[in-house]
Amino acid sequence: MILTNDGIAIRADHVSRHYQMGATLVRAVEDVTLEIPAGEFVALLGSSGSGKSTLLNLIAGLDRPTSGGIFAHERNLAEMNSEELARHRSHMIGIVFQAFNLLPRMTLEENVELPLRLAGVERSNRMGRVRDAIRHVRLETRLTHRPTELSGGEQQRAALARALVNRPAILLADEPTGNLDSATGDEIMLLLREINETLRMTIVMVTHERPRAERFAHRMILMKDGRLASNGGQP
Amino acid sequence: MKFRDLIELAWRNLREALLRNSLTTLGIAVGVASLVAMLSLGVGLQQMASQRLSSSGLFDAILVAPRGNLRGFARAAGSGPADAESDRPLDDEARQALDHLPNVVEVYPEIRFPTEIRYQGNPYSTIVAGVPASARTGGAYDGMTGSFFSGPDADEAILQIEFARELSRQPDSLLGNELVLRYAERQALPAESEAGASESTGSSAGDAEEDASTGFSVVPREEKLRIVGIVETEPAAGFGGIGRGRVLIPLQVAEKLRAAQTNDFRTMLGAAPGKTAYQSLTVRVKDPSQVKNVEDMIKPMGFATFSLFDATNNLRLVFVVFDLLLGIFGSLALVVASLGIINTLVMAILERRREIGVLKALGAADRDIRRLFFVEAGAMGLLGGVLGVCLGWLIGFGMNFGTNVYLRRQVLPAITVSSVPWWLVGAAIAFSIAVSLAAGLYPASRAAQLNPVEALRYE
């Protein structure tokens, strides 16, 4: 396992996220403080409603904290405007979802190319990067297939290629094996570990499967009722 | 995101909901078609009216007369104080002065006289009118059968179609044939005291010419003329020329004939001895826009002037209002179509909610999402606009076709009631895009403001 020593990739500083649901104030994330060094593979564990996906969204810059600060490579996301957050997601973050979220009318190649289009990468530079990312997840033979023509595991690998294509520093995975059978789930986990090791990418994975997290992640962070229940040994 | 990528994504999205987007685009096309058809009708009618009026020779012409003759007109047209200069005679000297004014093409008197025509031995009573050379470029002779006069002094005649039909059941067969003009030539009587001097003028002025004699006699004459053309409607040769001349001859020939005219007595009594005097002269200018300037130069010379400058301005105003009303009615359909765009795009937001969330998660800024919806709205506007212009043109074509079928049945000449100029094509497409973009404002802004977390949760 390779852990890099080049600083902190993600830092949450007393971060909270509350939202109103009717008359009730939901404290989805409450006063969470943690640090994730660059190159670490972290599993965020917790039961449903524990706040792990909300924390992941905050790290991704898809949501804003109600209070506290959340830093990605020392840049405070809470202080960014929506344009800067979009740039942060485009250049710094790769996201993989439980439901894959590939665009059904696009081929595998076009789905993987999409983040490059959004980032304004020149057309001439795109194809090489798309092919590299697809080679990484071993789907070279499925370039022109649409998502509906791929199996669940292949779709998740395609989503991984899409997340990698912009060469982000941080890969966020929200229940990446949630929709897959055990064997295919293991394949994806192996792929994630390989990405973490070969590309030295920081990975934060939300999961509720403790055994799998223990097998593949460097550290497990446990959340309960929006709070940090265990920091996996870090202070 | 680069513009080309934006276009590609928008195009892909439009193809995705093909039926709905096609119907929306068709709605825009119908709106644009209605706008184009309405405005093309306005433009066509305006062009027809302008063409007819300009070919009448009325709008690039100024009637010049001694102040006494045109006092009524002068007051109406605000020609200035009538007594600023005593009535200056309208003689050859004045004609030359007028001819030398800038932007003046031609200065000529009106020559029009009743006469008898002999064709194949049969007599026909009619009116002969002199046509200035400049009339050739006025457009009135564009659709004529045969040709215009070969020269300003050619012994040739152009017949008005009704008169040609009197001469022959097949008017076209008249071309190249000869007819004989029998007319009364005016001959000056020797002056009582200065007979010798007065005969030397040699002038052959038109309707109001008079020599230095104290009177004139009339002598019957004949002139052979070759028929070179036939015109559908009689083009006027200036003011007062509408509906009277049925045999048209070159003005120079008409002047040379010295034919006696109905107003000769009046002119003779008003003319100064030894001078050629005209009742009126028509000054033709290069362009109707020059009428006012030339009029302003003539008035200080001591003459009264009359032109239809104000009338043309009023006519333009009428057509602007007419076009505006047609445009408003035509635009109503486009406004309704724009509601279709809003509906389509709002539906697209609901359907693509999750996709918008994914795009945002992958790095799309609010601005990108907004622009994407804008481009989709604009593309529908562009396609609808192009299609609408084609449809509008077809409707205009149908209007022209239907009108001309009806006119042909009434034995009337063909006209163009609907015209689609290039500016209308461009303006209609631009307007369609602008309306579509305006309609896309709300959906685009709503899509851009979608919360990505909520959008990603949407099933």
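For the structure, see preceding data.
Along each chain, residues carry numbers from 1 onward, in the same order as the chain's sequence is written. Ligands are numbered from 1 and chains lettered from A, in the order in which they are written. Reporting in this predicted model follows two pLDDT cut-offs: at least 70 for local features of residues, and 80 or more for side-chain atom pairs to be given and counted; totals over whole chains, interfaces and linings ignore these cut-offs and use all residues.

**Points about the overall build of chain A**
Within chain A, the secondary structure is distributed over seven helices and ten strands. Each residue is classified by how many other C-beta atoms fall within 10 Å of its C-beta atom, where C-beta atoms are placed from the backbone; a count of 20 or more means buried, 12 or fewer means exposed, and values in between mean partly exposed. Each of the 235 residues in chain A was classed as buried or not, and the buried ones make up 46%. Contact criterion: two residues are in contact if their C-beta atoms, reconstructed from the backbone, are within 7 Å. Long-range pairs, those at least 24 residues apart, make up 72% of the contacts in chain A with a sequence separation of at least 6. A run of DSSP states H or I qualifies as a helix once it reaches four residues; a run of E qualifies as a strand once it reaches two. Both are numbered from the N-terminal end.

**Brief notes about the nonpolar core**
If you look at the biggest cluster of nonpolar residues, it comprises 123 residues, and the most contacted ones within it are Leu-44, Ile-59, Ala-161, Leu-172 and Val-204 of chain A together with Val-36 of chain B. Sort the elements by how many residues they give to this core and helix H2 (residues 18-55) of chain B lands first, with twelve residues. Not counting residues within four places of it along the chain, the set of residues in contact with Val-204 of chain A comprises Ile-10, Ile-36, Val-42, Leu-44, Leu-56, Ile-59, Ile-170 and Leu-172 of chain A. Note on definitions: a nonpolar core is a set of buried residues drawn from Ala, Val, Leu, Ile, Met, Phe, Trp, Tyr and Cys, linked by C-beta atoms within 7 Å. Membership of the second largest hydrophobic core comes to 53 residues, among which are Ile-117, Ala-184, Leu-281 and Ile-298 of chain B.

**What to know about the packing of helix H12 (residues 366-409) of chain B against helix H13 (residues 422-448) of chain B**
Residue and element names in this part refer to chain B. It is the contact of H12 with H13, at a shortest axis distance of 7 Å, that shows an interaxial angle of 150°. Considering the angle they form, H12 stands roughly antiparallel to H13. The two elements H12 and H13 meet at a crossing, and its hand is right-handed. Every axis corresponds to a line fitted to the C-alpha atoms, with the helix fit spanning only the stretch in contact, and the corresponding angles, defined between N-to-C directions, vary from 0 to 180 degrees. Any angle that falls under 35 degrees is termed roughly parallel, while one over 145 is termed roughly antiparallel, one within 65 to 115 roughly perpendicular, and all others oblique. Crossing handedness is defined as follows: a turn of the near helix away from the far one that is anticlockwise and smaller than a right angle gives a left-handed crossing, while the clockwise case is right-handed.

**Section: unusual backbone geometry**
A positive phi angle, near 50°, is found at His-73 of chain A, a position not held by glycine. Looking at the secondary structure, you find His-73 of chain A in the loop between strand S4 (67-72) and strand S5 (75-76).

**Concerning helix H11 (residues 353-361) of chain B**
Most of H11 of chain B is tucked away, with seven of its nine residues classed as buried. A positive phi of about 120° marks Gly-363 of chain B, the residue just after H11 of chain B.

**Considering the pairing of strand S10 (residues 281-285) of chain B**
Consecutive residues of a regular strand have side chains that alternate between opposite faces of the sheet. Residue and element names in this part refer to chain B. Taken across its five residues, S10 has five buried, putting it largely inside the fold. Neither face of S10 is open: one carries Leu-281, Val-283 and Val-285, the other Thr-282 and Arg-284, and all of them are buried. The criterion for strand pairing is that DSSP finds at least two bridges linking the strands in question. With five bridges joining them, strand S2 (residues 104-109) and S10 adopt antiparallel strand pairing. Directly across from Val-107, in S10, lies its bridge partner Val-283.

**Here's the deal with the sheet that holds S4 of chain A**
All names here are of chain A. If you walk across this open sheet you meet the four strands as S2-S1-S4-S5, and the pairing is antiparallel. Single-partner strands in this sheet number two, and they are strand S2 (24-37) and S5. As paired strands, strand S1 (residues 8-21) and S2 are joined by ten bridges and run antiparallel to one another. Bridge pairing in S2 links His-18 to Arg-27. Against the sheet, helix H1 (residues 52-60) engages S1, S2 and S4, with an angle of about 60° to S2.

**A closer look at the sheet that holds strand S7 (residues 170-174) of chain A**
Residues and elements named next belong to chain A. If you trace the six strands from one edge of the open sheet to the other, you get S6-S7-S8-S3-S9-S10, paired in mixed fashion. A strand with exactly one partner marks an edge of an open sheet, and here the two such strands are strand S6 (93-96) and strand S10 (227-230). If you compare each strand with its neighbour and ignore which way they point, the axes differ by 25° on average. With five bridges connecting them, S7 and strand S8 (residues 202-207) associate as parallel partners. Within the sheet, the bridge partner assigned to Ala-173 lies in S8 and is Met-205.

**Some details on the interface of chain A and chain B**
Counting from both sides, the interface comprises 19 residues of chain A and, opposite them, 17 residues of chain B. Of all the secondary structure elements, the ones that give two or more residues to the side of chain A that touches chain B are H1, helix H2 (82-91) and helix H3 (108-118) of chain A. With five residues, the top contributor of residues to the side of chain A that touches chain B is H2 of chain A. Of the residues that constitute the side of chain A that touches chain B, the class distribution is nine nonpolar, five polar and five charged. Each residue is assigned to one of three groups, with Ala, Val, Leu, Ile, Met, Phe, Trp, Tyr, Cys and Pro labelled nonpolar, Asp, Glu, Lys and Arg labelled charged, and all others, Gly among them, labelled polar.

**Some words on the packing of helix H5 (residues 152-164) of chain A against helix H6 (residues 182-199) of chain A**
Residue and element names in this part refer to chain A. In the contact formed by H5 and H6, the axes pass within 9 Å of each other and the chain directions differ by 20°. It follows that H5 is roughly parallel to H6 by the angle criterion. Note on packing geometry: the crossing formed by H5 with H6 is right-handed. Contacts from Gly-152, Gly-153, Gln-156, Arg-157, Leu-160 and Leu-164 of H5 reach H6 at Thr-184, Glu-187, Ile-188, Leu-191 and Ile-195. Of the residues in the contact of H5 with H6, the class split is five nonpolar, four polar and two charged.

**Concerning the environment of Leu-45 of chain B**
All names here are of chain B. Tracing the backbone shows Leu-45 in helix H2. Exposure remark for Leu-45: the 19 C-beta atoms within 10 Å place this residue in the partly exposed category. Separated by 278 residues in sequence, Leu-45 and Asp-323 place their C-alpha atoms 9.9 Å apart.

**Comments concerning H6 of chain A**
Residues and elements named next belong to chain A. Here the expected span of a helix is defined as 1.5 Å times the quantity of residues minus one. Its 18 residues give H6 an end-to-end C-alpha distance of 25 Å, which sits within 8% of 26 Å, the value for a rise of 1.5 Å per residue. Those residues of H6 that sit buried are Gly-185, Ile-188, Met-189, Leu-192, Ile-195 and Asn-196. Relative to the axis of H6, the buried residues are bounded by an arc of 115° and lie together on one face. Residues Ala-183, Leu-190, Glu-194 and Thr-198 are exposed on H6 and point more than 90 degrees away from its buried face. By construction, the arc corresponds to the directions joining the helix axis to the C-beta atoms.

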